[in-house]
Amino acid sequence: MFDRMRRAVLAGLIGVSLAAAMAVAPAAAQEKKLAVVATTGMIADAVRQVGGERVEVRALMGPGVDPHVYRQTRSDIAAMARADAVFWHGLYLEAQLEEFFHDLAKRKPVVALAESLPKDRLLPNDDYQNRYDPHVWMNPRLWRGVVAAARDALIGLDPDGRAVFEANAERHFTEIDALADYADKALATVPEASRVLITAHDAFNYFGRAYGFEVLGIQGISTESEAGLRQIEDLVGVLVDRKIGAIFIESSVSDRNVKALIEGAAAKGHKVTIGGELFSDAMGAPGTYEGTYIGMIDHNATVIARALGGEAPEKGLNGRLGS
Ligand code: ZN
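Report follows, based on the coordinates. Here the structure is a predicted model, which means the values were calculated and not measured.

Given a rise of 1.5 Å per residue, 18 residues ought to cover 26 Å, and the 26 Å separating the end C-alpha atoms of helix H5 (residues 140-157) matches this to within 8%. The complete set of buried residues in H5 reads Pro140, Leu142, Trp143, Val146, Val147, Ala148, Ala149, Ala150, Arg151, Ala153, Leu154 and Ile155. N-cap assignment for H5: the residue whose side-chain oxygen lies 2.9 Å from the backbone N of Arg141 is Asn139.

And the structure:
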């Protein structure tokens, strides 16, 4: 009796799962998208631009997340276990994830896109000897190489998609080139003496090299120590001597240091304003223009040019900033 019941239940279960299998059969017959996990928003954007409809991308780090200190969460680990491949930036940007990725690379494709860039185009790292400055996205002409690396890696993973990936990459290169030309032009209108960028941390060295700006960071300055006060005084001197009208904030910068600089300059009869907030290591909100690589850099170039006495359209290269 019991056995017969169990058999009936089992048969019922098998019937249900067969029906379920048949219901999903048509979908399963379709091509399955390549599942990719990417670390930063910028890396995710490069993979989305090239991958198009053939790739499903999940970014681990959203707006405002600092990749230098990010550690994988439980759900990140689960997503990476399910993914066909993991794309990261490399060059020690995701310093806390390195070990995890090197280990994961024994089990699935794990690609550090920025590490494919020619080393002679990289800057040294201010904080770590024998390492490179990872902030290459600040120069669109360098970022092109990262997009090319994404294309090559996707072709390796999904050879049937080659034509699609190549066409998508070409289209995105055209956008990146237009962005690079726009940034060249807009930033060249900033008076030479004012080409000084005072920001929160050292993310802008590639930007500085590409556009001839001196980059001075105010991160880690303690206004309570004598060294900190002297450093603030030095920066105030730069602002006053070179008549720099604006300094920039990132979400991570301490307001106190920014205020100390503005007040110090005011005491010497020079007016400094906050030129705006820049995107350094993360993009804007998903679904917005600034939530794309193009929008992020368009924003930075436009805000910097306008705040430092140059000329650029308020809405940027594509008329989409802030919309
Ligand atoms: Zn950084």
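Here the narrative resumes, following the displayed structure.
Turning to the pairing of strand S6 (residues 214-217), a few remarks are in order. Pairing of strand S5 (residues 196-199) with S6 involves four bridges; the strand directions are parallel. Note on S6: the bridge partner recorded for Val196 is Glu214. What joins S5 to S6 is helix H7 (residues 205-211), and the crossover it makes is right-handed.

Tracing the backbone shows Thr40 in the loop between strand S1 (34-38) and helix H2 (41-51). Classification of Thr40 by relative accessible area gives buried; the value is 1%. Excluding residues that lie within four positions of it along the chain, Thr40 makes contacts with Ala59, Met61, Pro67 and Leu93.

One turn of an α-helix holds 3.6 residues; hence residues three or four places apart share an orientation. Turning to helix H3 (residues 74-82), its buried residues number three or more, namely Asp76, Ala79 and Met80. The buried residues of H3 occupy an angular sector of 100° when projected down its axis, which confines them to one face. Facing away from the buried side of H3, by more than 90 degrees, are the exposed residues Arg74, Ala81 and Arg82. On its buried face, H3 is in contact with S1, strand S2 (55-59), strand S3 (85-88) and helix H4 (98-104).

Basis of the calculations
- Residues numbered from 1 in each chain as written.
- Predicted model: local features only at pLDDT ≥ 70, side-chain atom pairs only at ≥ 80, totals over all residues.
- Heavy atoms only, no water.
- Helix = DSSP H or I, 4+ residues; strand = E, 2+ residues; numbered from the N terminus.
- Expected span 1.5 Å × (residues − 1).
- Buried < 20%, exposed > 50% of the residue type's maximum accessible area, 1.4 Å probe, protein only.
- Polar contact = N/O pair within 3.5 Å; in protein donor to acceptor, adjacent residues only side chain to side chain.
- Pairing = 2+ DSSP bridges.
- Right-handed = clockwise from strand over helix to strand, strands pointing away.
- Contact = heavy atoms within 4.5 Å.
- Arc of directions from axis to C-beta.

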